[in-house]
Amino acid sequence: QVQLVESGGGSVQAGGSLRLSCVASRSINDMGWYRKGLGNERELIADFTSDRSTHYADSVKGRFTISRDITMNTMYLQMNSLKPEDTGVYYCYACLLRVRGACYRGQAYWGQGTQVTVSS
């Protein structure tokens, strides 16, 4: 069982910055950030891939940086040069077991979500 606790969301003007944090109840390598914006669908924003490299959605490349403190079981998302289209609910994600690239049933965990609002 895994618990994910997020913080750092808020309101900011375009061009500003925010840093999101996600504290996990245990050490997990397979983690990332999703966003639910317009349309109520979760979109992958950034994650640590299976080979421990990083991946970013094209829309945030060069502006967002994913990182983590392994000792503290904490993952971060540094968001710079924020745009109104970055607005949405950001979710911390973790997977304990994958089979052929897909997270095994019951092994995916989500944070409660944190609201990020970027005004023009």
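One can find the structure itself at the top, above this paragraph.
What counts, and where the lines are drawn
- Residues numbered from 1 in each chain as written.
- Predicted model: local features only at pLDDT ≥ 70, side-chain atom pairs only at ≥ 80, totals over all residues.
- Heavy atoms only, no water.
- Helix = DSSP H or I, 4+ residues; strand = E, 2+ residues; numbered from the N terminus.
- Rg over C-alpha atoms; globule rule 2.2 N^0.38 Å.
- Contact = heavy atoms within 4.5 Å.
- Areas by Shrake-Rupley, 256 points an atom, 1.4 Å probe, with all protein chains shown as cover.
- Lys, Arg positive; Asp, Glu negative; His and termini not counted.
- Charge placed at Lys NZ, Arg CZ, Asp CG, Glu CD.
- Disulfide = S-S within 2.5 Å.
- Core = buried A, V, L, I, M, F, W, Y, C linked by side-chain atoms within 4.5 Å.
- Buried < 20%, exposed > 50% of the residue type's maximum accessible area, 1.4 Å probe, protein only.
- Pairing = 2+ DSSP bridges.
- Axes fitted to C-alpha atoms, helices over the stretch in contact; angles between N-to-C directions.

Caption draft 1: Spotlight on the overall build of the chain. The helix and strand inventory of the chain stands at zero helices and 13 strands. In the chain, the succession of α and β elements from N to C terminus is β-β-β-β-β-β-β-β-β-β-β-β-β. The C-alpha atoms of the chain give a radius of gyration of 14 Å, which matches the 14 Å a tight globule of 120 residues would have. Expressed as lengths along the three principal axes of its C-alpha atoms, the size of the chain is roughly 40 × 30 × 25 Å. Counting contacts in the chain only where the partners sit at least 6 residues apart, residues at least 24 apart contribute 55% of the total. When the accessible surface of the chain is summed, it comes to about 6,800 Å², and 46% of that surface belongs to carbon and sulfur atoms. On the chain, the mean spot of the 13 positive side-chain charges and the mean spot of the 10 negative ones are 5 Å from each other.

Caption draft 2: The state of the cysteines, seen in detail. Under the counting rule described, the total for this entry stands at two disulfides. Across the disulfide from Cys 22 sits Cys 92; the S-S distance is 1.9 Å. On the sign convention where negative is left-handed, the bridge of Cys 22 and Cys 92, at about -75° about the S-S bond, is left-handed. With a gap of 70 residues between them, Cys 22 in strand S3 (residues 18-24) and Cys 92 in strand S9 (residues 88-95) connect regions that are remote in the sequence. Through a disulfide, Cys 95 is tied to Cys 103; the S-S separation comes to 2.0 Å. What sets the handedness of the Cys 95 and Cys 103 disulfide is the S-S torsion sign, and at about 105° it is right-handed.

Caption draft 3: How the structure looks around the nonpolar core. In terms of nonpolar packing, the biggest core is built from 28 residues, with Leu 4, Met 31, Trp 33, Leu 77, Met 79 and Tyr 90 touching the most fellow members. Put simply, the parts of the chain that give this core at least two residues each are S3, strand S4 (31-36), strand S5 (42-48), strand S7 (64-69), strand S8 (74-79), S9 and strand S13 (114-119). In terms of residues, this core owes the most to one element, S3, which gives four residues. Not counting chain neighbours up to four residues away, the residues in contact with Leu 77 comprise Leu 18, Arg 19, Leu 20, Trp 33, Ala 46, Phe 64, Thr 65, Ile 66 and Tyr 90. One finds Tyr 34, Val 89, Tyr 91 and Tyr 93 within the second-largest nonpolar core, a separate group that totals five residues.

Caption draft 4: Region of interest: the pairing of S5. Sheet topology places S4 next to S5; five bridges connect them, and they run antiparallel. Among the inter-strand pairings, Tyr 34 is bridged to a residue of S5, identified as Leu 44. With antiparallel pairing between neighbouring strands as the criterion, S4 and S5 make up a hairpin whose turn holds five residues, including Gly 39 at a positive phi of roughly 105°. Here three bridges tie S5 to strand S6 (residues 54-56), and the two strands are oriented antiparallel to one another.

Caption draft 5: Summary view of the sheet that holds strand S1 (residues 4-7). Pairing is antiparallel in the open sheet, where four strands are placed in the order S1-S3-S8-S7. Edge positions in the open sheet fall to S1 and S7, since each of these has one partner strand only. Within the sheet, the average angular offset between the axes of one strand and its neighbour, ignoring direction, is 15°. Two elements, S3 and S8, share six bridges in a ladder whose sense is antiparallel. Looking at the pairing, Cys 22 lines up with Met 75 of S8.

Caption draft 6: Structural detail: unusual backbone geometry. Its identity as a non-glycine residue notwithstanding, Ser 81 has a phi of 50°, on the positive side. Along the chain, the position of Ser 81 falls in the loop between S8 and S9. Backbone geometry places Arg 100, a non-glycine residue, at a positive phi of 50°. The exposed category is assigned to Arg 100, whose relative accessible area is 88%.

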